[in-house]
Amino acid sequence: MSRTSGLDVPVEIVLNRAREAPTLSDQIAHQLRAGIKSGVLRADDRLPAIRALATRLSVARTTVDTAYAQLIAEGYLHTRAGAGTWIAQTLPESATVVASPLGSALNAAAGSSRPLSEHARRLAEVSTTLLPQKQVPLAIIAPSEEMSPGRAWTQIANRFGRRPWRHAGYGEPQGYLPLREVVAEYARKFRGVHCDADRVVITSGSQQGMTLCAQVLLEAGDTAWVEDPCYTLMAATIAHRGVLTVPVPVDAEGLDVTAGMTLAPHAKAAFVTPSHQFPLGMMMSMARRAELLGWAARTESWIVEDDYDSELRYEGRPFPSLQGMDASSESVIYLGTFSKMMFPSLRLGYAIVPRPLVEAFAGARLLADRHSSESQQAILAEYIREGHYEIHVRRIRGLLQKRRQVLIRECERQLHAYGAVLPCDQGMHVVFRLHDHIDDVAVATPLRQGGLELRAISPFYVRNTTMRGFMLGFGGFTPEAIKAAVKTIARALAQHVA
Ligand SMILES: Cc1ncc(COP(=O)(O)O)c(C=O)c1O
């Protein structure tokens with residue numbers, strides 16, 4: 001599905017049909033506006049015809065017509081009679097709150113009649129559009145008893161709980177030293193990262209790692225490469241800093257570095273997922289890694305490596321990090337997280353940064369929120385130091401491998417008429433690639449509204465959609481739940497292609 005084909009929009013429009021929800025046309029306008037502001041929809045992109053979008057969303061044509069008219073009035077869209085509707089080249093400097101019914105609703109909800117700043121409205125839109133997945137099949141992360149860090153975690157937490165004052169003061173913005181030490185050892189041993197504790201900055205997860213990178217490495221007006229398709233929160237985080245994100249295509253070898261150099265030769269940074277491309281799953285080839293590192297060294301640009309689930313390689317040892325290949329140790333900021341292997345609400349992760357950047361990262365962390373809870377850091381440090389983390393990772397890998405096999409088998413059995421699972425032996429999700437004529441968003445949207453977390457692939461693309469399909473998570477669900485979810489998808493696909 002191409003952004004320029006006019007057949008589709010690269011944002012997923014999800015409608016809340018509850019009686020108290022804003023009108024459907026307001027919801028459509030709101031989500032398109034958010035897509036434009038976040039840069040997912042760009043100047044001159046053509047929107048689908050009213051009739052096509054109305055059919056897709058199962059709403060009346062007047063509903064879509066009203067939404068488009070609202071955005072035309074606000075200056076986000078322009079139209080030529082009979083020819084179609086496009087994103088405007090020049091966006092409104094500041095659309096007033098009055099112009100946005102949902103904005104008014106947000107203001108009213110906040111108990112204020114004061115207009116919000118443009119900045120505040122963008123942030124409000126982030127909170128209503130970039131929502132985490134619901135913890136229902138087939139979400140990518142869905143913590144459960146079996147996935148939990150177990151009794152060892154509870155025992156260590158209880159031990160610390162008996163002496164709550166031990167970690168009650170302000171801590172180091174760079175992070176609690178014993179945690180930095182075990183993180184450095186782990187990253188060296190299992191990910192081949194060049195580091196010691198002095199180069200580790202504890203974060204509240206990769207999300208904060210990306211925010212700190214955007215703050216420390218980039219100025220408003222700079223340009224940065226992001227993968228196309230990419231992790232939406234990553235692109236939004238960088239764009240929020242006023243940085244122009246340039247989507248660079250990925251192919252079977254990962255980011256196309258040559259295309260990046262052509263599209264944005266003066267980019268200051270590249271944000272990549274080389275171990276497990278998000279969302280498609282391939283690993284960046286050695287040749288591309290070398291090319292990317294060469295580009296960064298030559299142009300003195302930065303590479304941000306989001307290594308979000310590399311512990312979960314099912315066959316053989318995990319492939320070493322990109323950071324570990326950087327002989328100079330100067331170009332790569334390596335981001336790790338405990339969200340996947342422990343649990344997301346722990347909010348702990350780490351950035352391993354070139355030495356000259358350590359103080360800047362610590363300063364940015366101090367200004368953001370000083371530091372993560374020191375008692376949580378201390379519990380995690382002890383859990384890793386006593387060897388429980390390695391045992392936990394091995395156990396989770398075994399459990400997930402079985403569930404992954406169930407999911408792949410069920411896809412082969414029930415969905416073979418519609419496409420195939422892409423080869424990949426890593427992570428907490430697989431990608432089911434659909435035959436090109438099947439509209440992934442049209443199939444996924446009603447299923448999501450019906451309680452299945454089915455992510456369509458095409459909305460992650462910014463420029464040219466080269467693949468349609470679904471991201472299917474398997475970690476938090478029993479084989480029975482996985483089979484039932486695949487059956488629901490099979491039924492929806494059968495109806496769709498009928
Ligand atoms: C691509 C990618 N990066 C990073 C993360 C982890 O984010 P965090 O550590 O902030 O929970 C996720 C989680 O879903 C992800 O999918």
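Residues numbered from 1 in each chain as written. Predicted model: local features only at pLDDT ≥ 70, side-chain atom pairs only at ≥ 80, totals over all residues. Heavy atoms only, no water.

Draft legend 1. Structural context of the domain arrangement of the protein chain. Domain boundaries assigned for the protein chain yield domain 1 (24–129), domain 2 (149–390) and domain 3 (397–497). Put simply, the middle of domain 1 and the middle of domain 2, counted by C-alpha atoms, are 34 Å apart. On the domain 2 side, the residues contacting the four residues of domain 1 number four residues. Taken together, both faces of the contact between domain 1 and domain 2 bury some 380 Å²; the carbon and sulfur share is 62%. Summed over the shared surface of domain 1 and domain 2, the result is zero salt bridges. Among the residues forming the side of domain 1 that touches domain 2, the class breakdown is one nonpolar, two polar and one charged. (Domains from an automatic or database assignment. Contact = heavy atoms within 4.5 Å. Buried area = accessible area lost by both parts, 1.4 Å probe. Salt bridge = Lys/Arg side-chain N within 4 Å of Asp/Glu carboxyl O. Nonpolar A, V, L, I, M, F, W, Y, C, P; charged D, E, K, R; others polar.)

Draft legend 2. Inspection of the site of the ligand at higher detail. Around the ligand, a shell composed of Gly205, Ser206, Gln207, Tyr231, Phe278, Asp306, Tyr308, Thr337, Ser339, Lys340 and Arg347 is seen. A distance of 2.6 Å is found between an oxygen atom of the ligand and a side-chain nitrogen or oxygen belonging to serine 339. With respect to the ligand, the side chain of arginine 347 contributes an N or O atom lying 2.8 Å from an oxygen atom. Residues belonging to the shell around the ligand are distributed by class as follows: three nonpolar, five polar and three charged. (Near = heavy atom within 4 Å. Polar contact = N/O pair within 3.5 Å; in protein donor to acceptor, adjacent residues only side chain to side chain.)

Draft legend 3. Looking closely at helix H12 (residues 358–369). With twelve residues, H12 should reach 16 Å at 1.5 Å per residue; the first-to-last C-alpha distance of 17 Å fits that figure. Inspection of H12 places Val358, Phe361, Ala362, Ala364 and Arg365 among the buried residues, and these make up the whole buried set. Projected down its long axis, H12 shows its buried positions confined to an angular sector of 160 degrees, all on one face. Counted as exposed and oriented over 90 degrees from the buried face of H12: Glu359 and Leu367. Taken together, the buried residues of H12 touch strand E3 (200–203), helix H8 (206–217) and strand E9 (332–337). Looking one or two residues beyond H12, the residue adopting positive phi is arginine 370, at roughly 65 degrees. (Helix = DSSP H or I, 4+ residues; strand = E, 2+ residues; numbered from the N terminus. Expected span 1.5 Å × (residues − 1). Buried < 20%, exposed > 50% of the residue type's maximum accessible area, 1.4 Å probe, protein only. Arc of directions from axis to C-beta.)

Draft legend 4. Molecular detail of the layout of surface pockets. Of the pockets and cavities examined, the second largest pocket occupies roughly 490 Å³. If you go around the second largest pocket, you meet 21 residues; those closest to its centre are Ile36, Lys37, Gly39, Leu91 and Arg122. At the level of secondary structure, the elements contributing two or more residues to the lining of the second largest pocket comprise helix H1 (24–37), helix H5 (118–129) and strand E5 (244–251). Looking at the lining of the second largest pocket, its residues break down into eleven nonpolar, five polar and five charged. (1 Å grid on protein atoms, 1.4 Å probe; cavity = no way out; pocket = protein on both sides within 12 Å on 5 of 7 lines; lining within 4 Å. Points joined across faces, edges and corners; volume = space filled by probe spheres on them.)

Draft legend 5. Layout of the pairing of E9. Counting buried positions along E9 gives six out of six residues, so the element sits mostly inside the fold. Alternating residues of E9 divide into Val332, Tyr334 and Gly336 and Ile333, Leu335 and Thr337, and every residue in both groups is buried. Summarising the sheet, strand E8 (residues 302–306) and E9 pair through four bridges and their orientation is parallel. The partner of aspartate 306 across the bridge, within E9, is leucine 335. Across four bridges, the pairing between E9 and strand E10 (residues 349–352) is antiparallel. In the sheet register, threonine 337 faces E10, and the bridge partner there is glycine 349. (Pairing = 2+ DSSP bridges.)

Draft legend 6. Broad picture of the nonpolar core. Phe338, Leu472 and Ile489 are the most contacted members of the largest nonpolar core, which totals 82 residues. Here this core spans two domains, and each of domain 2 (149–390) and domain 3 (397–497) adds at least three residues to it. Apart from residues lying up to four places away in sequence, leucine 472 is in contact with Leu138, Leu407, Cys411, Met428, His429, Val430, Phe432, Leu454 and Ile489. Grouped together as the second largest cluster of nonpolar side chains are 24 residues, Leu217, Leu218, Val226 and Val353 included. (Core = buried A, V, L, I, M, F, W, Y, C linked by side-chain atoms within 4.5 Å.)

Draft legend 7. Here's a closer look at the sheet that holds strand E7 (residues 269–272). Strand order in the open sheet made by the eight strands is E3-E10-E9-E8-E7-E4-E5-E6, with mixed pairing throughout. Edge positions in the sheet fall to E3 and strand E6 (254–255), since each has one partner strand and no second. Looking at chain direction, E7 and E8 are connected through four bridges and run parallel. Paired with valine 272 across the two strands is glutamate 305, which belongs to E8.

Draft legend 8. Summary view of the packing of H1 against H5. Taken N-terminus to C-terminus, the directions of H1 and H5 make an angle of 115 degrees; their axes are 10 Å apart at the nearest point. Here H5 runs roughly perpendicular to H1, going by the angle between their axes. H5 is crossed by H1, and the crossing has left-handed handedness. Taken together, the residues of H5 that come into contact with H1 (itself represented by His30, Arg33, Ala34 and Lys37) are Glu118, Arg121, Arg122, Glu125, Thr128 and Thr129. A per-class count over the contact of H1 with H5 returns one nonpolar, three polar and six charged. (Axes fitted to C-alpha atoms, helices over the stretch in contact; angles between N-to-C directions. Parallel < 35°, antiparallel > 145°, perpendicular 65-115°, else oblique. Left-handed = near helix turned anticlockwise from the far one by under 90°.)

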